[in-house]
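Examination of the molecular architecture
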Amino acid sequence: MIDTVIFDFDGTLADTSQVVINSYKHIYTVFGKDGFDEDYVMSTFGEPLALTLQRDFSEHSFEDVIACYREYQVERFNDEVSLYETVKEALDYLKGKNIKMGIATSRLRNSTLAAVDNLNIKKYFDVIITADDVEKHKPDKEPLIKTIELLNSKKENTLYVGDSRFDMECAINSNVIPVLCGWHKLSEELRNQYNVKYVLDKMIDIKEIV
């Protein structure tokens, strides 16, 4: 019986895609890097930002690049980021059923906590695990297993809702039931690649599972 639902944050609870893409465009311009590819950037969603920037901007100072990225994004985040359709209704539904809820994200702790505060959803989550709280990141199982342990839950009673390959692989590696957000460009490809049983057209569809 499902008694726990854990969510990714970016692309799952909150629509951060455009502000993230624009942040990348900004640092590509500032650091004179050619070859910006939106599809490539979207394929990195779910990977810790630090890993992506260290790999893709290795010829520049990591501290300078990430500072530039964060400065651009922080100034725009509150105005450009919103919850996806029916997320609030889904969280209210789950809370009403006494489902334990957590977040396991590759976003850094400070920005995650600021975001959930701004979106007024912090009250729903008993545990929030971020990139700062683990040594190994998704698709490794550590973020999800740590969230489950802190919720005092069991893997077999847990759903992990996410939008990226990192999320699906993290759930599979943790022996947790994956649930895919089906409203993204690559959703159908991910559904087939990972043979995902549960795909949501909108978040409130989780009522059909829990």
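Structure report, in brief.

Parameters and conventions
- Residues numbered from 1 in each chain as written.
- Predicted model: local features only at pLDDT ≥ 70, side-chain atom pairs only at ≥ 80, totals over all residues.
- Heavy atoms only, no water.
- 1 Å grid on protein atoms, 1.4 Å probe; cavity = no way out; pocket = protein on both sides within 12 Å on 5 of 7 lines; lining within 4 Å.
- Points joined across faces, edges and corners; volume = space filled by probe spheres on them.
- Helix = DSSP H or I, 4+ residues; strand = E, 2+ residues; numbered from the N terminus.
- Nonpolar A, V, L, I, M, F, W, Y, C, P; charged D, E, K, R; others polar.
- Pairing = 2+ DSSP bridges.
- Axes fitted to C-alpha atoms, helices over the stretch in contact; angles between N-to-C directions.
- Contact = heavy atoms within 4.5 Å.

**Observations regarding the layout of surface pockets**
In this structure, the largest pocket occupies an estimated 710 Å³ of space. The element that contributes the greatest number of residues to the lining of the largest pocket is helix α4 (residues 62–80), accounting for six residues. Along the lines of polarity and charge, the residues of the lining of the largest pocket split into 14 nonpolar, 15 polar and eight charged. Here the second largest pocket defines a volume of roughly 260 Å³. Those elements that provide at least two residues to the lining of the second largest pocket are α2 (38–43) and α9 (187–194). Element by element, the count of residues in the lining of the second largest pocket is highest for α9, at three residues. For the lining of the second largest pocket, the per-class residue count stands at four nonpolar, six polar and four charged.

**Description of the sheet that holds strand β4 (residues 100–104)**
Taken in spatial order, the six strands make up an open sheet running β5-β4-β1-β6-β7-β8, and their pairing is parallel. Both outer strands of the open sheet, β5 (127–129) and β8 (198–200), are each paired with one neighbouring strand and no more. Geometrically, the sheet is characterised by an average inter-axis angle of 25 degrees between neighbouring strands, direction not taken into account. Strand direction decides the pairing type here: strand β7 (residues 177–181) and β8, joined by three bridges, are parallel. Considered in β8, the bridge of L180 is made with V199. Those strands touched by helix α7 (residues 142–150) are β1 (4–7), β4, β5 and β6 (158–162), and its axis lies near 160 degrees from that of β5. Sheet strands touched by helix α8 (residues 165–173): β6 and β7. Its angle to β6, the strand with the most contacts, is close to 165 degrees.

**Digging into unusual backbone geometry**
Cis geometry marks the peptide bond from K138 to P139, where omega comes out at 15 degrees. Look at N152: it is not a glycine, yet its phi comes out positive at around 60 degrees. Topologically, N152 is positioned in the loop between α7 and β6. One non-glycine residue with positive phi stands out, namely N175, at about 60 degrees. On the secondary structure map, N175 appears in the loop between α8 and β7.

All we've got here are geometric facts, nothing functional implied.
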